[in-house]
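Commentary on secondary and tertiary structure
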Amino acid sequence: MARIIIVEDDSLLREELMDMLQKAGYEVLAIDDFHEIIPKIVALAPGLVLLDINLPEQSGFEICKSLKSKGIGPILILTSRDKLQDELHGLHLGADDYLTKPCNRDRLLARIQNLLRRFAGQPGLIDGGNFLLDPNTFTLYKGTESLLLSSNEGRILLALVQNRPDVVSKSTLSELLWGTDQYIDENALQVNLTRLRKTLRQLNLENQVETVRGQGYRLKGQGER
């Protein structure tokens, strides 16, 4: 069974979760020292992280973001904070699920099973040179920053990353977006590339996508400007 790491500062709840998950057949480890927590979690190579938000020294949101930038997942946030804005913020930072406590035992186990099943055999983060890309969620990571791309933006960028530094033709991108290699309207493709560059601008990466006149587009290599 998968290894689950519990990141929870309430000792009673931590022990309760450990007991429940162990009885369900999982290998369970708990974090009780929250100093320099990120390298500790990474070193444990978790199959899933059960993460609280209100933690000493560092917010669970920050921990989630840092773990995702290092390719750790899935992450299930389990917290007493039940505001929609907290849930949306956690999901935007890369959390794979969000539950509020107290949480029904069967619901929690079902969510854990679903996440482990969904992530089983999926590829990890792909190196884009100056960033990392999650091919499953189209989440882009640069250092400690992350960005969720739209479906079309993600498909285009994934194609460019997978073919870097070669040029990806307009017909190939059209096939990815619209299911045909006869691109419907060059303006439509250009609009999607413009949107992608605008999104990448948030992480100062807009110049990484290069137009190759008469051929298509390519992703610049690491260090290219």
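Everything below is about the structure printed above this text.
For the structure given in this document, a descriptive report is provided here. (Residues numbered from 1 in each chain as written. Predicted model: local features only at pLDDT ≥ 70, side-chain atom pairs only at ≥ 80, totals over all residues. Heavy atoms only, no water.)

Comments concerning the nonpolar core
One broad rule of soluble globular proteins: the nonpolar side chains tend to lie buried together. Core analysis: the biggest nonpolar cluster contains 24 residues, and Phe131, Leu133, Leu140, Leu157 and Leu173 have the highest contact counts within it. When residues of this core are traced back to their parent elements, those giving at least two are α6 (151-163), α7 (170-178), α8 (186-200) and β12 (216-219). The dominant element in this core, judged by the number of residues it contributes, is α6, at six residues. Those residues in contact with Leu173 that lie beyond four places of it in its chain are Ile156, Ala159, Val168, Leu189, Leu193 and Tyr217. Counting residues in hydrophobic clusters, the runner-up holds 21 residues, among them Ile41, Ile72, Leu93 and Tyr98. (Core = buried A, V, L, I, M, F, W, Y, C linked by side-chain atoms within 4.5 Å. Buried < 20%, exposed > 50% of the residue type's maximum accessible area, 1.4 Å probe, protein only. Helix = DSSP H or I, 4+ residues; strand = E, 2+ residues; numbered from the N terminus. Contact = heavy atoms within 4.5 Å.)

Section: helix α1 (residues 11-23)
Under the 1.5 Å per step criterion, the end-to-end length of α1 is 18 Å for 13 residues, consistent within 8% with the ideal 18 Å. Residues Leu13, Arg14, Leu17, Met20 and Leu21 constitute the buried set of α1. Along the axis of α1, the buried positions cluster into a sector of 135°, meaning they face one direction only. Counted as exposed and oriented over 90 degrees from the buried face of α1: Leu12, Glu15, Glu16 and Lys23. Summarising the contacts, the buried residues of α1 are in contact with β1 (3-7), β2 (27-31), β3 (48-51), β4 (75-79) and α5 (105-119). (Expected span 1.5 Å × (residues − 1). Arc of directions from axis to C-beta.)

Overview of the pattern of salt bridges
Using the criterion set out here, one finds ten salt bridges in the structure. Between Lys101 and Asp52 there is a salt bridge, with the nearest N and O atoms lying 3.6 Å from each other. With a gap of 49 residues between them, Lys101 in the loop between β5 (97-100) and α5 and Asp52 in the loop between β3 and α3 (60-69) connect regions that are remote in the sequence. A salt bridge links Asp97 to Arg111, with the shortest nitrogen-to-oxygen separation between them at 3.0 Å. Taken together, the residues Asp97 in strand β5 and Arg111 in helix α5 connect sequence positions 14 residues apart. The network of salt bridges with shared partners includes Glu8, Asp52 and Lys101. (Salt bridge = Lys/Arg side-chain N within 4 Å of Asp/Glu carboxyl O.)

Quick notes on the environment of Asn136
Among the structural elements, Asn136 can be located in the loop between β7 (132-134) and β8 (139-142). Linking Asn136 and Phe119, residues 17 residues apart in sequence, is a C-alpha distance of 9.0 Å.

Description of the pairing of β1
In terms of burial, β1 is a largely internal element, four of the five residues being buried. Where β1 meets β2, five bridges bridge the pair, whose relative direction is parallel. Bridge pairing links Val7 to Ile31 in β2. Assessed by its sense of winding, the connection that carries the chain from β1 through α1 to β2 is right-handed. Relative to β3, β1 runs parallel, the two being bridged by four bridges. For Val7, the partnering residue across the bridge sits in β3 and is Leu51. (Pairing = 2+ DSSP bridges. Right-handed = clockwise from strand over helix to strand, strands pointing away.)

Observations concerning the side chain of Gln208
Among the structural elements, Gln208 can be located in the loop between α8 and β11 (209-212). Its relative accessible area of 7% is what places Gln208 among the buried residues.

Details of the sheet that holds β4
Strand order in the open sheet made by the five strands is β2-β1-β3-β4-β5, with parallel pairing throughout. The open sheet is flanked by β2 and β5, the only strands paired with a single partner. Each neighbouring strand pair of the sheet contributes to a mean axis angle of 20°, computed without reference to strand direction. By the bridge criterion, three bridges tie β3 to β4 in an arrangement that is parallel. Bridged to Leu51 within β4 is Ile77. (Axes fitted to C-alpha atoms, helices over the stretch in contact; angles between N-to-C directions.)

Some words on unusual backbone geometry
Omega for the bond connecting Lys101 with Pro102 falls within 30 degrees of zero, at 5°, which places this linkage in the cis form. Tracing the backbone through its elements, the reader meets Pro102 in the loop between β5 and α5. Cis rather than trans, the peptide bond between Arg164 and Pro165 has omega equal to 5°. As for its position among the elements, Pro165 is in the loop between α6 and β10 (168-169).

Digging into the sheet that holds β12
Judged by pairing direction, the sheet is antiparallel, and its three strands sit side by side in the order β10-β12-β11 without closing on themselves. Since the sheet does not close on itself, it has two edges, and those belong to β10 and β11, each with one partner. Relative to β12, β11 runs antiparallel, the two sharing four bridges. From the neighbouring strand, Val212 faces β12, where its bridge partner is Gly216.

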